[in-house]
2 protein chains.
Amino acid sequence: MKKELIVPPRGMRDQLPAEVELRDWVVARILDTYRQFGFRHVETPSLEHIGLLTGSQAGENEKLIFKVLKRGEAGEAVTSAVSLDELVDLGLRFDLTVPLTRYYANNRAKLPRIFKAIQIGNVWRAERPQRGRFRQFTQCDIDVIGVESELAEAELIVATAAALMAIDLKGFTIRINDRGLLASMARLHGFPEEQHDAMFIVLDKFDKIGREGVAAELSAHGYSPDRVDAVFLMIDRLQELMADEETSSDPSPQGEPRTLFRRLRQIRDAVNAVANGEYCVEYDPKLVRGMGYYTGPVFEIGHKDVPFSIAGGGRYDKMIGRMIGEEVPACGFSIGFERIITVLQERKAAAGAPVKRLALIVDPAVALDAALAKSAELRAAGYAASLLPRDKKLGRQLQALAADGYEAFVVLKPDGGGAIERVEPIAAAG
Amino acid sequence: MKKELIVPPRGMRDQLPAEVELRDWVVARILDTYRQFGFRHVETPSLEHIGLLTGSQAGENEKLIFKVLKRGEAGEAVTSAVSLDELVDLGLRFDLTVPLTRYYANNRAKLPRIFKAIQIGNVWRAERPQRGRFRQFTQCDIDVIGVESELAEAELIVATAAALMAIDLKGFTIRINDRGLLASMARLHGFPEEQHDAMFIVLDKFDKIGREGVAAELSAHGYSPDRVDAVFLMIDRLQELMADEETSSDPSPQGEPRTLFRRLRQIRDAVNAVANGEYCVEYDPKLVRGMGYYTGPVFEIGHKDVPFSIAGGGRYDKMIGRMIGEEVPACGFSIGFERIITVLQERKAAAGAPVKRLALIVDPAVALDAALAKSAELRAAGYAASLLPRDKKLGRQLQALAADGYEAFVVLKPDGGGAIERVEPIAAAG
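Computed from a prediction, not measured in an experiment: that's the story for all the values here. (Residues numbered from 1 in each chain as written. Chains lettered and ligands numbered in written order. Predicted model: local features only at pLDDT ≥ 70, side-chain atom pairs only at ≥ 80, totals over all residues. Heavy atoms only, no water.)

**A short note on the pairing of strand 14 (residues 408–412) of chain A**
Residue and element names in this part refer to chain A. Across the five residues of strand 14, four count as buried, placing the element largely inside the fold. Bridging between strand 12 (residues 356–362) and strand 14 involves five bridges; their strand directions are parallel. Directly across from Val362, in strand 14, lies its bridge partner Leu412. Where strand 14 meets strand 15 (residues 421–422), two bridges bridge the pair, whose relative direction is antiparallel. Looking at strand 15, one finds that Phe409 is bridged to Glu421. (Buried < 20%, exposed > 50% of the residue type's maximum accessible area, 1.4 Å probe, protein only. Helix = DSSP H or I, 4+ residues; strand = E, 2+ residues; numbered from the N terminus. Pairing = 2+ DSSP bridges.)

**Brief notes about the interface of chain A and chain B**
The figure often quoted for interface size is the accessible area lost as the parts come together. Across the boundary between the two partners, chain A contributes 69 residues, which contact 69 residues of chain B. Linking chain A with chain B are six salt bridges, by the criterion used here. Here A:Asp24 ties to B:Arg35 by a salt bridge, and the two come within 2.8 Å at their closest N and O atoms. Between the two partners, chain A and chain B, sit 26 residue pairs in polar contact (both at pLDDT 80 or more). In terms of residue count, the dominant contributor to the side of chain A that touches chain B is helix 1 (residues 17–36) of chain A (seven residues). (Contact = heavy atoms within 4.5 Å. Salt bridge = Lys/Arg side-chain N within 4 Å of Asp/Glu carboxyl O. Polar contact = N/O pair within 3.5 Å; in protein donor to acceptor, adjacent residues only side chain to side chain.)

**Some remarks on the pairing of strand 8 (residues 280–283) of chain B**
Residues and elements named next belong to chain B. Every second residue of strand 8 is oriented toward a common face, the buried set being Val281 and Tyr283 and the non-buried set Cys280 and Glu282. In the sheet, strand 7 (residues 172–178) pairs with strand 8 via four bridges, with the strands oriented parallel. Note on strand 8: the bridge partner recorded for Thr173 is Cys280.

**Comments concerning the sheet that holds strand 12 of chain A**
All names here are of chain A. Ordered by their spatial adjacency, four strands build an open sheet running 13-12-14-15, and the pairing between neighbours is mixed. The open sheet has two edge strands, strand 13 (383–389) and strand 15, and neither has a second partner. Across the sheet, helix 13 (residues 368–380) lies against strand 12, strand 13 and strand 14, angled at about 160 degrees from strand 13, the strand it touches most. (Axes fitted to C-alpha atoms, helices over the stretch in contact; angles between N-to-C directions.)

**Notes on the sheet that holds strand 6 (residues 136–145) of chain A**
Residue and element names in this part refer to chain A. Ordered in space as 1-5-6-11-10-9-7-8, the eight strands form an open sheet in which the pairing is mixed. In the strand order of this sheet, the two ends are held by strand 1 (40–41) and strand 8 (280–283), each with one partner. Strand direction decides the pairing type here: strand 5 (residues 115–124) and strand 6, joined by ten bridges, are antiparallel. Note that in strand 6 the partner of Ala117 across the bridge is Asp143. Along the sheet face, helix 1 touches strand 1, strand 5, strand 6 and strand 11 (330–336) and points at about 160 degrees away from the line of strand 5.

**Quick look at the relation of the copies chain A and chain B**
Between chain A and chain B, the superposition needs a rotation of 180 degrees and an axial shift of 0.0 Å, giving an RMSD of 0.1 Å. This pairing of chains is accounted for by a two-fold axis. Across chain A, the smallest distance between a C-alpha and the rotation axis is recorded for A:Val68, namely 2.2 Å. (Least-squares fit on C-alpha atoms with pLDDT ≥ 70 in both.)

**So, helix 7 (residues 193–203) of chain B**
Residue and element names in this part refer to chain B. Looking only at helix 7, the buried set comprises His196, Met199, Phe200, Val202 and Leu203. Projected down its long axis, helix 7 shows its buried positions confined to an angular sector of 150 degrees, all on one face. Turned more than 90 degrees off the buried face of helix 7, the exposed positions are Glu194 and Asp197. Turning to helix 7, the residues buried within the fold contact helix 6 (179–188), helix 8 (206–220) and helix 9 (225–243). (Arc of directions from axis to C-beta.)

**Notes on unusual backbone geometry**
Residues and elements named next belong to chain A. Unlike most non-glycine residues, Asp168 shows phi in positive territory, near 60 degrees. Within the secondary structure layout, Asp168 lies in the loop between helix 5 (151–166) and strand 7 (172–178). Unusually for a residue other than glycine, Asn276 sits at a positive phi of about 55 degrees. When you line up the elements, Asn276 lands in the loop between helix 10 (256–274) and strand 8. The class of Asn276 is exposed, set by a relative accessible area of 65%.

**As for the packing of aromatic side chains**
By the definition in use, this model includes 16 aromatic pairs over all chains. Between the aromatic rings of B:Phe206 and B:Phe232, the centroid separation amounts to 6.4 Å while the plane-to-plane angle is 75 degrees, which identifies the pairing as edge-to-face. Placement of the pair is B:Phe206 in helix 8 and B:Phe232 in helix 9, with a sequence separation of 26 residues. B:Phe232 carries the same exposure label as B:Phe206, and that label is buried. In textbook terms, an aromatic cluster arises when at least three aromatic residues are bridged by ring pairs, as seen for A:Tyr293, A:Tyr294 and A:Tyr316. Here A:Lys116 stacks its cationic end above the ring of A:Phe39, 6.0 Å away from the centre of that ring. (Phe/Tyr/Trp six-rings, centres within 6.5 Å; stacked < 30°, edge-to-face > 60°. Lys NZ or Arg CZ within 6 Å of the ring centre and 35° of its normal.)

**Some thoughts on the state of the cysteines**
Every disulfide links exactly two cysteines, by a covalent bond between their sulfur atoms. For the structure shown, the criterion picks out zero disulfides over all chains. Not engaged in a disulfide, the cysteine A:Cys331 finds its nearest cysteine sulfur in A:Cys140; these two sulfurs lie 16 Å apart. Take B:Cys280: it sits in no disulfide, and the sulfur closest to it among the cysteines is that of B:Cys331, at 19 Å. Here B:Cys280 falls in the partly exposed class, since its relative accessible area comes to 30%. (Disulfide = S-S within 2.5 Å.)

**Some thoughts on the packing of helix 5 of chain A against helix 13 of chain A**
Residue and element names in this part refer to chain A. Two numbers describe how helix 5 lies on helix 13: the axes approach to 11 Å, and their chain directions differ by 40 degrees. With respect to helix 13, the element helix 5 is oriented oblique. In this structure, the crossing between helix 5 and helix 13 has a hand that is right-handed. In this structure, helix 5 uses Leu151, Ala154, Glu155 and Val158 to contact helix 13, whose residues at the interface are Leu368, Leu372 and Arg379. Partitioning the contact of helix 5 with helix 13 into residue classes produces five nonpolar, no polar and two charged. (Parallel < 35°, antiparallel > 145°, perpendicular 65-115°, else oblique. Left-handed = near helix turned anticlockwise from the far one by under 90°. Nonpolar A, V, L, I, M, F, W, Y, C, P; charged D, E, K, R; others polar.)

**Re the confidence of the model for chain A**
All names here are of chain A. Across chain A, the average pLDDT comes to 85, with 90% of residues at 70 or higher. Of all secondary-structure elements in chain A, the lowest mean pLDDT belongs to helix 3 (residues 84–87), at 78, while strand 2 (residues 47–49) reaches the highest, 97. This model gives residues 247–252 a pLDDT under 50, and the stretch forms eleven contacts once residues within four places in sequence are excluded. Under a pLDDT of 50 for its full length, residues 348–354 has, in the predicted model, 15 contacts with residues more than four places off or in other chains. Interface predicted TM-score (ipTM) for the complex: 0.82; the corresponding pTM is 0.83. (pLDDT = per-residue confidence, 0-100.)

**Re the pattern of salt bridges**
Inspection of the entire model under this criterion finds 53 salt bridges over all chains. Its salt-bridge partner being B:Arg263, residue B:Asp178 comes within 2.8 Å of it at the nearest N-O pair. Taken together, the residues span a long stretch of sequence, with B:Asp178 in strand 7 and B:Arg263 in helix 10 (residues 256–274) at a distance of 85 residues. Each member of the pair, B:Asp178 together with B:Arg263, is buried. Residue B:Arg315 pairs with B:Asp317 through a salt bridge whose shortest N-O separation is 2.9 Å. What emerges from the salt-bridge pattern is a single network uniting A:Arg175, A:Asp207, A:Asp284, A:Lys286, A:Arg289 and A:Glu300.

If you want it as C-alpha cells, here you go:
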C-alpha cells in the first residue's frame with residue numbers, strides 16, 4: 001500500500017495512549033464539574049445539512065466546511081450534476097453552537113424551557129495546517145438556552161472557570177466585552193454601521209499586533225490618521241466609562257450603552273466576588289470574537305502560559321429565532337479542548353461521583369453575586385446546583401423541574417437565604 | 001429557515017440527555033473494564049484517505065462510504081475535475097479496524113510490539129435507514145496486535161464478556177468459528193474456492209432464515225439439490241468433528257483442519273472454564289461474519305433479549321502486512337455500542353478508579369485456561385493484568401514493559417504459580 005495512505009489526512013492526527021488517557025481524564029473532570037452546575041450532556045450528529053451550515057452566520061468558518069458527496073439510493077454516488085453544489089448535501093460541523101441551536105429547535109418539545117447543555121465533540125475545519133492548529137479538533141461547550149438575563153453569562157463564566165480549576169489549570173484571566181456596546185460607541189464616534197465589522201476585526205488583533213499594528217491595518221483600510229486616532233480615543237473612552245462605576249447616575253451616553261455598561265459591570269463584579277481571587281474578570285473594549293452570530297456580551301479566557309485564548313463564548317440571541325421564527329435567548333462558553341491539552345501535560349486521576357440535582361430559583365430582586373454565592377455553597381454541600389430565574393408561576397415551574405428530574409430546589413430570598421426543599425415527583429397522569 | 005434543515009440528516013439522530021448519560025456510564029464502565037485487562041485507549045481521525053478505505057477488503061462497507069470533496073488551497077472546493085472520483089480525497093471511516101491497522105502501521109515505532117488497543121468512536125455508513133440502524137453510530141473495539149497465538153482470541157473474548165457484565169448485560173452467548181476451517185472443509189467436500197464467499201454469506205444467514213431459507217438461496221445460486229445437501233452434510237460433519245474432542249488422536253482430516261479444530265477447542269474450553277457459568281462459548285460452523293479481511297477464528301455475541309448480535313470480531317493477520325509489507329498478526333472484538341444501548345434501558349452509575357498495570361507473561365508450556373484463571377485472580381486483586389506471551393529474551397521483554405509503563409509482572413509457571421514482581425524503571429539514557 002502507498003505510504004501516503006498510512007499517514008493521517010493533512011492536519012489530522014493519531015493520538016497515542018498517554019494523550020488519550022489525559023484527554024479522558026480532562027473530559028471526565030469537566031463533565032463532572034459541569035454536571036455539578038446542572039448542565040446536561042447532549043449529542044448531535046457530526047454531519048449536518050449543508051444548508052444549515054452555510055446559512056449560520058458563522059463567518060470565516062463557513063468557508064472551511066468539509067463537504068460530503070450525495071449518495072444515490074443504492075449507496076452509490078450521484079453521477080450526473082450540473083454544478084459542484086448539487087453534488088453536496090451534507091457537511092461536517094465546524095462548531096458545536098450551530099448544531100446545538102438546531103438540536104434545540106428540533107427537540108424543543110422534549111427539553112425543559114431553560115435548557116443547559118454540555119457538548120463535547122469533534123469539529124472539522126479545512127484550515128491551512130499550522131503548528132497547534134488541526135483540521136479535526138475537540139470542542140467542549142456549555143450553553144444556556146432560554147435565559148435572557150445576565151444570570152446566564154455569570155453562570156457560564158463561573159462554571160467554565162470551575163472546570164478549568166478542576167483540571168488544575170489555574171493562572172487564567174477572563175476578559176469580557178459587549179458587541180452592542182462597541183457598536184453603539186462606534187456610531188457615536190461617527191463610524192458608520194457598514195465599517196464596523198472590518199474595524200472590529202482589526203481591533204480584535206490588538207493583543208497580537210499591538211497599537212501600532214492596529215493603526216497600520218486601519219490605515220491600510222483607508223482610515224486617515226485622524227480617524228485612526230478616533231478609534232483609539234473611542235477605546236480609551238470605553239475604558240473610562242466602564243471604570244467610572246462609583247457614580248450612581250451613570251455618566252455614559254444615555255440609552256442603550258448605559259444599560260449595556262451596567263450589565264457588563266454586574267457580570268464582572270459578581271463573578272469576581274465568588275472567584276476568591278483564584279481568577280478574575282476584566283473588561284476589554286477591544287474584545288470582539290469572530291462569529292457574526294454574537295449579539296451581546298462576549299468573553300474569552302487567556303492563560304499566562306500560552307499566547308492564545310483557551311476558551312471563548314458569548315450571547316447569540318438571534319440564532320434560534322432564525323430557525324424557528326420565535327426568538328429564544330441563548331448564550332454559550334466553549335473551551336478550546338486541544339489548547340488546554342497543550343497547556344496540561346502529565347496528569348492523570350479518576351473521575352467524579354453522581355450528583356444531586358438542585359434548582360436554585362432566583363427572583364429578579366436577588367443580587368447576582370448572592371445567587372452565585374448560594375450556588376457555590378450548595379455545590380460545596382454536594383448538590384448540582386443550577387441557577388434558574390424564577391417563573392411568574394412558581395407552581396408550574398416546580399412541576400417542570402419534577403418533569404426534568406430535579407430532586408431539590410431552593411427559592412433564593414433577597415437576603416441570600418432559602419431552605420432546600422424536595423421537588424415532589426409528578427403524580428402519574430390518569 | 002426551512003424546516004427540513006432543522007431535523008438531523010437522514011439516518012442520524014439527536015441524543016437527549018438521559019440517553020447520553022446512559023452512554024457515558026456505559027463508556028466509563030467498558031473503558032474501566034478494558035483498562036483492567038491492560039488495553040490502552042487510542043484515537044484516530046474520523047476522516048481517512050479514500051484510497052485506504054476503498055482498498056481495505058471490507059466487503060459491503062466500502063460501498064457505504066461518505067465521501068468528502070477535495071478542498072482547494074484557499075479552502076474552496078476544486079471546481080474542475082474529469083470524474084467524480086477525482087473530486088474526492090477523503091472518506092468518513094466505516095469501522096474502527098481499518099483505521100487501527102493504519103494507526104499501528106504509522107506509529108509502530110512509538111508503540112509496544114504487542115499492542116492492545118481500546119477504541120470507542122463514531123463510524124459512518126450510508127446504509128438504507130431502517131429501524132435500529134443508523135448512518136452514524138458508535139463502535140467500541142479492543143484489538144490485540146502482535147500476538148499470533150490463541151492467547152489473543154481468549155483474552156479478547158473474556159475481556160469483552162467482562163465489559164458486558166460490568167454494564168449488567170448478562171444472558172449472552174458467544175459463538176466461535178474459524179473461516180479457514182470452513183474453507184478447508186468446503187474444499188474437501190468438492191466446493192471450489194471461487195464459490196466459497198457466496199456460499200458462506202448464505203450460510204451466515206442460517207439463524208435468520210433457517211435451513212429451508214438457506215437451501216432456497218443456494219438453489220437460487222445454481223446449486224443442485226445434491227450440492228445443497230452436500231453443504232448441510234459438511235456443516236453436520238464439522239459439528240461432529242468438533243464434538244469429538246475425547247479422542248486424543250484427532251479424527252478430523254489431516255493437516256490444517258486438525259490444527260484449526262484444536263485451536264478452536266482450546267479457546268472455547270479455556271474461556272468456558274473461567275466463565276463460572278455466567279456465559280458460555282459455543283462452536284457454530286455456520287458463523288462467517290461479513291468482512292473479507294478475517295483470516296482465522298471469528299466470534300460473535302448474541303443476547304437472549306434481541307434478535308441481532310451485540311458484538312463481533314475475529315483474527316485478521318494479513319491486513320497490517322498489506323500496509324507495511326511485513327506480516328503482523330492481529331485480532332479484534334467489537335461491541336455494537338448502539339445495540340447494547342438498545343438492550344440496556346434505565347441505568348446510571350459512576351465510573352471506575354485508577355489501575356495498577358501488570359504484565360502476566362505466559363510461557364508456551366502454560367495451559368491457556370491457567371493463564372486466564374491467573375489473569376482473573378490478579379484482576380480480582382486489583383491489578384490491570386495483561387496477558388503477554390513470553391519473549392525468547394525475558395530481560396529485553398521486561399525492559400520493554402518498563403518503557404511501556406507497566407508497574408508489575410508475573411512470569412506464569414506451568415503449574416499456575418508465579419510471584420508478582422515489580423517492573424524496574426529503566427535507567428535514564430546517558
